[in-house]
Amino acid sequence: MDSQAKCFPYEKSIVINALYDTIEALGLRLDRSNSARGMLVVSEPSRTGRIRITLEPVDRTNQTIITIYPEDVDESIFATWNAIILDELSGTIHRARCAKREKSE
């Protein structure tokens, strides 16, 4: 099974909240989630197939690794969305950091 992964220099709680915002902004449907375990399953309303997204904290570094996997044998949704989700997640976190910085000034 192929996967796509990226490490973010933030705590798991920050990344998962940004991931929820990203999923909503992209118009994807959240089918299942377990925030405590760091696992989400999303789908696209017009397609069959799902994507599993896992979040794993990196020990004592305040970093989180996001890994995206196809959840079903139909990997077309994975091929379409895996890189988009990671790119948009980076943008969501960046925008939040800029907004926080502007607020504190």
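Residues numbered from 1 in each chain as written. Predicted model: local features only at pLDDT ≥ 70, side-chain atom pairs only at ≥ 80, totals over all residues. Heavy atoms only, no water.

Summarising the element assignment, E44 is placed in the loop between β3 (39-43) and β4 (50-58). By relative accessible area, E44 is classed as buried at 14%. At 3.3 Å, the side chain of E44 and the side chain of W81 are in polar contact. When residues no more than four places from it in sequence are discounted, the contact partners of E44 are L28, R29, I77 and W81. (Helix = DSSP H or I, 4+ residues; strand = E, 2+ residues; numbered from the N terminus. Buried < 20%, exposed > 50% of the residue type's maximum accessible area, 1.4 Å probe, protein only. Polar contact = N/O pair within 3.5 Å; in protein donor to acceptor, adjacent residues only side chain to side chain. Contact = heavy atoms within 4.5 Å.)

Next up on the list: the packing of aromatic side chains. Counted under the stated rule, the structure contains 0 aromatic pairs. A cation over a ring is seen here: R52 above Y69, with NZ or CZ 4.6 Å from the ring centre. (Phe/Tyr/Trp six-rings, centres within 6.5 Å; stacked < 30°, edge-to-face > 60°. Lys NZ or Arg CZ within 6 Å of the ring centre and 35° of its normal.)

Okay, the layout of surface pockets next. Roughly 210 Å³ of internal volume is contained in the largest pocket. In terms of lining residues, the largest pocket is bounded by Y10, I14, N17, A18, D21, T92, I93, A96, R97 and K100. At 5 residues, the largest contribution of residues to the lining of the largest pocket is made by helix α2 (residues 76-104). Taken together, the residues that form the lining of the largest pocket break down as 5 nonpolar, 2 polar and 3 charged. (1 Å grid on protein atoms, 1.4 Å probe; cavity = no way out; pocket = protein on both sides within 12 Å on 5 of 7 lines; lining within 4 Å. Points joined across faces, edges and corners; volume = space filled by probe spheres on them. Nonpolar A, V, L, I, M, F, W, Y, C, P; charged D, E, K, R; others polar.)

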